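# Understanding the architecture of this molecule
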Amino acid sequence: MKLAYARGPPIAVFAGSWKCTVSPIDGTPIALGEPFGDCEPDIDRLISIATTVRIIKQMGVKVFISRELGEDEVDAAYAGGADGVLEELSFSRDEYRDGVQFVLFQPADPVELVNRVREIAQRHKKPFDVLVATSFENAKVFAPYVDGVVLTGGWVGVELTRIDHLPEVGRCVHCGMDFLMYGNSLKRCVYCGRRLIKVITSTRPPRSKAVFRSVFKQYVNVNRLRFKVV
Ligand SMILES: [Zn+2]
């Protein structure tokens with residue numbers, strides 16, 4: 001099914017190329033309103049997870065997810081820039097345990113959290129990083145007080161819509177501009193002259209954490225993205 005990104009944050013992160021015949025590469029940002037691929041319609045959940053992870057990472061904290069989410073969902077989170085899965089961390093819950101790197105809390109609010117962290121520090125006098133398990137909505141509340149967030153759900157809303165025609169999309173990362181080639185075909189950006197990157201492709205890089213990371217890094221500084229019809 002040919003799809004466009006119809007409703008959600010100004011920039012979403014594409015994930016789930018394995019459910020598509022043509023699509024962006026996993027981890028590629030897509031602009032609100034933009035056509036992006038020929039995919040199974042339930043891909044909205046994967047795009048939503050990837051987009052949520054990117055938004056939380058922009059708050060300056062690490063993002064982890066649980067393996068219990070499922071394989072597709074974990075890969076989507078990596079496409080959004082996730083730092084790892086909870087089950088692979090050295091951590092304890094609510095209390096410091098000898099040698100762990102992280103202590104995971106599930107507090108009601110930041111006041112409860114910071115006082116709990118100090119109490120544990122006083123008792124053990126050992127270093128640890130603070131993680132909070134929380135939903136997308138509450139992650140914003142805790143982000144200024146923690147090293148990392150374990151996202152438990154409540155993903156950002158992403159809606160897709162069915163479209164008839166999938167144009168070629170050429171991207172200038174420098175200008176934050178996608179050219180939707182309904183009429184003319186372009187090779188270079190009309191503003192800066194740089195060569196355009198083809199966004200929608202049948203290329204399928206390996207589905208690995210390292211590949212997801214490198215694509216995420218390539219686009220980490222893209223903070224604005226709009227499209228122009230040519
Ligand atoms: Zn340009």
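Whatever comes next refers back to the structure up there.
Scoring rules and cut-offs
- Residues numbered from 1 in each chain as written.
- Predicted model: local features only at pLDDT ≥ 70, side-chain atom pairs only at ≥ 80, totals over all residues.
- Heavy atoms only, no water.
- Phe/Tyr/Trp six-rings, centres within 6.5 Å; stacked < 30°, edge-to-face > 60°.
- Helix = DSSP H or I, 4+ residues; strand = E, 2+ residues; numbered from the N terminus.
- Buried < 20%, exposed > 50% of the residue type's maximum accessible area, 1.4 Å probe, protein only.
- Donors = N, O, S within 2.8 Å, 3.2 Å for Na, K, Ca; no water.
- Tetrahedral: all angles 85-135°; square planar, octahedral: opposite > 155°, others 65-115°.
- Contact = heavy atoms within 4.5 Å.
- Axes fitted to C-alpha atoms, helices over the stretch in contact; angles between N-to-C directions.
- Parallel < 35°, antiparallel > 145°, perpendicular 65-115°, else oblique.
- Left-handed = near helix turned anticlockwise from the far one by under 90°.
- Nonpolar A, V, L, I, M, F, W, Y, C, P; charged D, E, K, R; others polar.
- Core = buried A, V, L, I, M, F, W, Y, C linked by side-chain atoms within 4.5 Å.
- Domains from an automatic or database assignment.
- Disulfide = S-S within 2.5 Å.

## Describing the packing of aromatic side chains
- The tally for this structure, following the rule as stated, stands at four aromatic pairs.
- When the centroid spacing of 5.7 Å and the interplanar angle of 50° are considered together, the rings of F14 and F36 count as tilted. On the criterion of sequence distance, the pair formed by F14 in the loop between β2 (11–13) and β3 (20–22) and F36 in strand β5 (residues 35–39) is long-range, its members being 22 residues apart. By the burial criterion, F14 is buried, and F36 matches it.

## Notes on the coordination of the zinc ion
- With distances of 2.3 Å, the protein atoms coordinating the zinc ion are C172 (SG), C175 (SG), C189 (SG) and C192 (SG).
- Its four donor atoms give the zinc ion angles of 101 to 113° at the centre, a pattern that matches the tetrahedral case.
- Along the chain, the residues that donate to the zinc ion are spaced as C-x2-C-x13-C-x2-C. Like C175, C172 is buried.

## Examining the side chain of T51
- Relative to the assigned elements, T51 resides in helix α1 (residues 44–57).
- The buried category is assigned to T51, whose relative accessible area is 0%.
- With residues near it in sequence (within four places) discarded, T51 still touches P9, I11, A12, V13, V156 and V158.

## Considering the packing of α1 against helix α2 (residues 71–79)
- Between α1 and α2, the least distance of the axes is 7 Å, while the angle of their chain directions is 40°. Relative to α2, the element α1 lies oblique. Along this stretch, α1 crosses α2, giving a crossing that reads as right-handed. Contacts between α1 and α2 involve R45, L46, I49, A50 and V53 on the former and, on the latter, D72, E73, A76 and A77.
- Partitioned by chemical class, the residues of the contact of α1 with α2 number six nonpolar, no polar and three charged.

## Examining the nonpolar core
- Core analysis: the biggest nonpolar cluster contains 49 residues, and F36 and L151 have the highest contact counts within it.
- Per element, the largest residue contribution to this core is six residues, and it comes from α1.
- Split by domain, this core shows at least three residues from each of two domains, domain 1 (2–56 + 159–229) and domain 2 (62–151).

## As for the state of the cysteines
- Counted by the stated rule, this structure contains one disulfide.
- Disulfide partner of C20: C39, at an S-S distance of 2.2 Å. The S-S bond linking C20 to C39 shows a torsion near 100°; that makes this disulfide right-handed. Placement of C20 in strand β3 and of C39 in strand β5 is noted, with a sequence separation of 19 residues between them.
- Judged by its relative accessible area of 3%, C39 is buried.

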